[in-house]
Amino acid sequence: MITEDTVFILGAGASVPYGYPTGLQLRKQIIENLDINLKKTDIDLPNALLRQLLLQERTEESKELKDNLLESRRSSIDLFLENRPGFCNIGKLAIACGIIEFEQSNKGPWDWFEHLHDSELANNRRSLQSYCTESNVNFITFNYDRHLEHSLISSLTSTYGANEEECAELIKENFEIVHVHGKLDDLPWESDNGRSYGYKPSSLDELKESASGIKIIHENVEERYFGKARELIEDAKLIVFLGLNLHNQINLDRLNIKNNIEGKRIYATLKGLTGPQREAASEYFNHTIINKNIGKRKPEVYDYGSYDLIREEVRFR
């Protein structure tokens, strides 16, 4: 069980084990989906219907976005759209198309959430009420997908044999899940017009509804989303970064991380970061994150993924 206030901060790498793309992979997928000359036989497109909806009545706009995103050399569409707000509407549709196709309603692999649920959250919790009211855990995510919410509700209904309505009420009362960049729809237990996990839009209007939940940084997300995230970070005693590029100091500054290091224990995955990027992360955290939690150990520790970091390194008590 987790005994002190803990916040998990999730980046794209935290969703990768569950079949979702990295920022770079999503960029590639979007460019392919926007290619008006691409035939279905030319490439393995996971969902041709979503692509057809994306291109519907938007042929020229789709071509412009594809060409500009490709030529911009930016590593993610999020970074691209921050500087090109004129492409936001078609860009959000492209993001929705690129992510929804990876939603799988069946149970995914055993990874970091399953380990967290089994070894900590459900450990010695004999009732649904104790699981939720004594969890001491909140989440901040930069991801648009709903895998975390889906995993939480399905784990609780199956673990305790409770109905979805009861689980939903306790989750809403006891867990904060802040999507700082918005998300692709609520789930049905979160709101009356929620979209079921794994259900794919069958019309352009449905795709637009899903895309409307996405927020780009210039769209007045500061107070509603980042403001709440900063409150959770300020109150936390333990912070665990999973799959977030820590060398991107813009996101860290938006969360006001630098002013909330003192007195906290911080763990993080650094998988995929180059030497200079790791050095930048170390310097940003005043070397605390490296020396205290990853430290002078075997070099391969730097390549821990989310599951291995939680299993091998994080001390919740």
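Quick summary incoming for the structure in this document.

Thresholds, definitions, all that
Residues numbered from 1 in each chain as written. Predicted model: local features only at pLDDT ≥ 70, side-chain atom pairs only at ≥ 80, totals over all residues. Heavy atoms only, no water. Axes fitted to C-alpha atoms, helices over the stretch in contact; angles between N-to-C directions. Helix = DSSP H or I, 4+ residues; strand = E, 2+ residues; numbered from the N terminus. Parallel < 35°, antiparallel > 145°, perpendicular 65-115°, else oblique. Contact = heavy atoms within 4.5 Å. Nonpolar A, V, L, I, M, F, W, Y, C, P; charged D, E, K, R; others polar. Core = buried A, V, L, I, M, F, W, Y, C linked by side-chain atoms within 4.5 Å. Buried < 20%, exposed > 50% of the residue type's maximum accessible area, 1.4 Å probe, protein only. Phe/Tyr/Trp six-rings, centres within 6.5 Å; stacked < 30°, edge-to-face > 60°.

1. Focus on the packing of helix α3 (residues 59–72) against helix α5 (residues 88–100)
Look at α3 against α5: their axes get within 10 Å of each other, and the N-to-C directions meet at 80°. One finds that α3 runs roughly perpendicular with respect to α5. Between α3 and α5, the contacting residues are Glu-61, Ser-62 and Leu-65 on the first element and Ile-90, Gly-91 and Ala-94 on the second. Grouping the constituent residues of the contact of α3 with α5 by class yields three nonpolar, two polar and one charged.

2. Quick notes on the nonpolar core
Note on soluble globular proteins: their nonpolar side chains tend to be buried together. One finds Phe-8, Trp-112, Tyr-131, Leu-156 and Leu-242 to be the most contacted residues of the largest nonpolar core, which totals 67 residues. No other element matches the nine residues that α5 contributes to this core. Those residues within four positions of Tyr-131 in sequence are excluded, and the remaining contacts are His-117, Leu-121, Ala-122, Arg-125, Leu-152, Leu-156, Tyr-160 and Phe-175. Grouped together as the second largest cluster of nonpolar side chains are 28 residues, Ile-9, Ile-239, Ile-261 and Ile-266 included.

3. Some details on the packing of aromatic side chains
The geometry of two aromatic rings is summed up by the distance between their centres and the angle between their planes. If you walk through the whole model with that rule in mind, you get eight aromatic pairs. The interplanar angle of 25° and the centroid separation of 6.3 Å between the aromatic rings of Phe-8 and Trp-112 together place this pair among those described as stacked. Here the residue Phe-8 occupies a position in strand β1 (residues 6–10), and Trp-112 occupies one in helix α6 (residues 112–121), the gap between them amounting to 104 residues. Judged by relative accessible area, which is 0%, Phe-8 ranks as buried.

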